[in-house]
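Residues per chain are reported as follows:
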Amino acid sequence: MNYIKPRGTEDIYEDINFIKWIENKLINCAKLYGFSEIRTPSFENKNLYVLSIGKNTDIISKEMFLLKTKSKNEYVLKPEGTASIVRFLIENKLYNKKPLPLKFFYLQNMYRYERPQKGRMRQFYQFGVEIIGNNSSIIDIEAIIFADHILKVLNIKKYLICINSLGTENDRNKYIKALTEALKKISKCDDCNKRIKHNPLRVLDCKIDKFDNNKLPKMYDFLSKSEKDNLEFIIQKLIKFNVKVKLDHKLVRGLDYYTNIVFEIKSTETSNENFTLIGGGRYNNLIKILGGADIPAFGFAIGIERIRIILDSYKKNIIDNDKVDVYFITLSNIAKLTALKLAKKLRNNNISVLINFDDINIKKQFKITEKIMPKNIIIIGDKEVTEKKISIKNTSTKKIITLKFEDILTYFRKDK
Ligand code: HAM
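So, how was this worked out
- Residues numbered from 1 in each chain as written.
- Predicted model: local features only at pLDDT ≥ 70, side-chain atom pairs only at ≥ 80, totals over all residues.
- Heavy atoms only, no water.
- Helix = DSSP H or I, 4+ residues; strand = E, 2+ residues; numbered from the N terminus.
- Contact = heavy atoms within 4.5 Å.
- 1 Å grid on protein atoms, 1.4 Å probe; cavity = no way out; pocket = protein on both sides within 12 Å on 5 of 7 lines; lining within 4 Å.
- Points joined across faces, edges and corners; volume = space filled by probe spheres on them.
- Nonpolar A, V, L, I, M, F, W, Y, C, P; charged D, E, K, R; others polar.
- Pairing = 2+ DSSP bridges.
- Axes fitted to C-alpha atoms, helices over the stretch in contact; angles between N-to-C directions.
- Core = buried A, V, L, I, M, F, W, Y, C linked by side-chain atoms within 4.5 Å.
- Buried < 20%, exposed > 50% of the residue type's maximum accessible area, 1.4 Å probe, protein only.

Draft legend 1. Broad picture of the side chain of Q126. Examined against the element boundaries, Q126 turns out to sit in strand β6 (residues 123-132). What Q126 contacts, discounting residues up to four positions off in sequence, is E80, G81, Y106, L107, Q108, M110, R112, A301, I302 and I304.

Printed below as a string of structure tokens:
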């Protein structure tokens, strides 16, 4: 057979527990902030995305996976989650039925036809959140606190939170005019020469030109007073909450639906300066543009592959933590049944247990534990059953402790 996996995709097998560890952290964290899970289809109507992200963005003009049906409908594999959630929201008019803000989280595959490289896949997994129906700056603050909390929970230590404001449409139009004039006087790469006509803001984060901030006008200088005050307020409050943010005048984001506050969190653990872990911001017009109510929204997303790369050096510890708590080596039928009884008690208390039910000798059972690597091993035979006592071996400290059956649960509870 000559088939290999498509470029920019991955078969996940060895890392599955590591990924589940990451996912569980994200899901538990989302629940702490009152988000509920949503799963939308893997493909959506093409125009939903063209209209949301903007036809002149890289995602729409170069990176869509297009699907054509026999009846000539055009769909795309979802390049991101926001538009799909907005579609769901409008289709079900949820804003008329439920108290606002609505708070969704999702963990789903997304697809972009990008040039694959480290942390840049054609099929990638994204965790995202959307908060719909509230325009308060405190929502922006809470969302950025949440993004920071996620990274702390994941034990990611070196990162930079950048923030900017794209202002109102009026502010943005004035800025785009000034920026375009300034850019005309500077030499640019071929892509930027095109972008200047259709999407001048994107020139600011060109990876080739890397324009000097001081040579171009800044969005900040074109913000109305209330937008400036809002940006300053958010930065000050975040700093008070111990979330360090930096105003980045060149931060514009690669999707056209953003308005007002935008932010990105870049990892500083890797030498690759373009390694953005989290990106998001306000999109106050999108729901209306797509035919829904005129309600504001804020959201962000984080790429799971990029978290995996950052956490790779801690992976062993994380996987070790995921090992089964107790492994029973059993020496007779009555021992197997007794192990089952003890396991019930432990499992009911969140302690994971594996029991060897094979009729094989103790040596072979020990051999199996070398592969499974449980945190603790218990050997149980007729003698242990009669005496109602067992010996527990902690596989990392190598210490052995003998306990009465009735004390086992207390012992493992302390260990947890
Ligand atoms: P985005 O900046 O396009 O935003 O993607 C968010 C995150 O997804 C990135 O920071 C990165 O971690 C990950 N990511 C993006 N593309 C790839 C790729 N090709 N391979 C691996 N990881 C990738 C959005 O998608 C917006 N929908 C975020 C949002 C939600 N804004 C408001 N609500």
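Draft legend 2. Spatial organisation of the layout of surface pockets. One number sums up the size of the second largest pocket: a volume of about 550 Å³. Along its surface, the second largest pocket is lined by 28 residues, and R172, L255, D256, Y257 and Y258 are the ones closest to its centre. Listing elements by their share of the lining of the second largest pocket, those giving two or more residues are α2 (46-53), α7 (169-184), α8 (190-198) and α10 (286-289). No other element matches α7, which puts four residues into the lining of the second largest pocket. The class makeup of the residues in the lining of the second largest pocket is 12 nonpolar, nine polar and seven charged.

Draft legend 3. Representation of the sheet that holds strand β7 (residues 159-165). With respect to topology, eight strands assemble into an open sheet ordered β1-β5-β6-β11-β10-β9-β7-β8, the strand pairing being mixed. Lying at the two open borders of the sheet, with one neighbouring strand each, are β1 (36-37) and β8 (245-247). For strand β9 (residues 259-267) and strand β10 (residues 276-282), the ladder comprises six bridges, and the chain directions are antiparallel. When the bridges of β10 are listed, F263 appears paired with G280. Packed onto the sheet, helix α4 (residues 82-91) meets β5 (102-111) and β6 and runs at close to 130° relative to β5.

Draft legend 4. Looking closely at the environment of Y411. One can find Y411 in helix α16 (residues 408-415). A C-alpha to C-alpha distance of 9.9 Å links Y411 and I401, two positions 10 residues apart in sequence. The residues touching Y411, leaving out its near neighbours within four places in the chain, are N376, I392, I401 and L403.

Draft legend 5. Region of interest: the sheet that holds strand β3 (residues 66-68). Strand order in the open sheet formed by three strands is β2-β4-β3, and the pairing between neighbours is antiparallel. Of all strands in the sheet, those with a lone pairing partner are β2 (43-45) and β3, marking the two edges. Averaged over all pairs of adjacent strands, the angle between strand axes in this sheet comes to 35°, irrespective of strand direction. As judged from the three bridges shared by β2 and strand β4 (residues 74-77), these two strands associate in the antiparallel manner.

Draft legend 6. Structural view of the nonpolar core. Ranked by internal contacts, the top residues of the largest apolar core, which has 103 residues, are F127, I132, F146 and F263. At nine residues, helix α6 (residues 137-153) tops the list of elements feeding residues into this core. When sequence neighbours within four positions are dropped, the list of residues in contact with I132 reads I85, L89, L100, P101, L102, F104, Y283, I287, I295, P296 and A297. With 21 residues, the next largest nonpolar core counts V326, A335, I390 and F405 among its residues.

In short, the description is geometric, and any link to function would need to be established separately.
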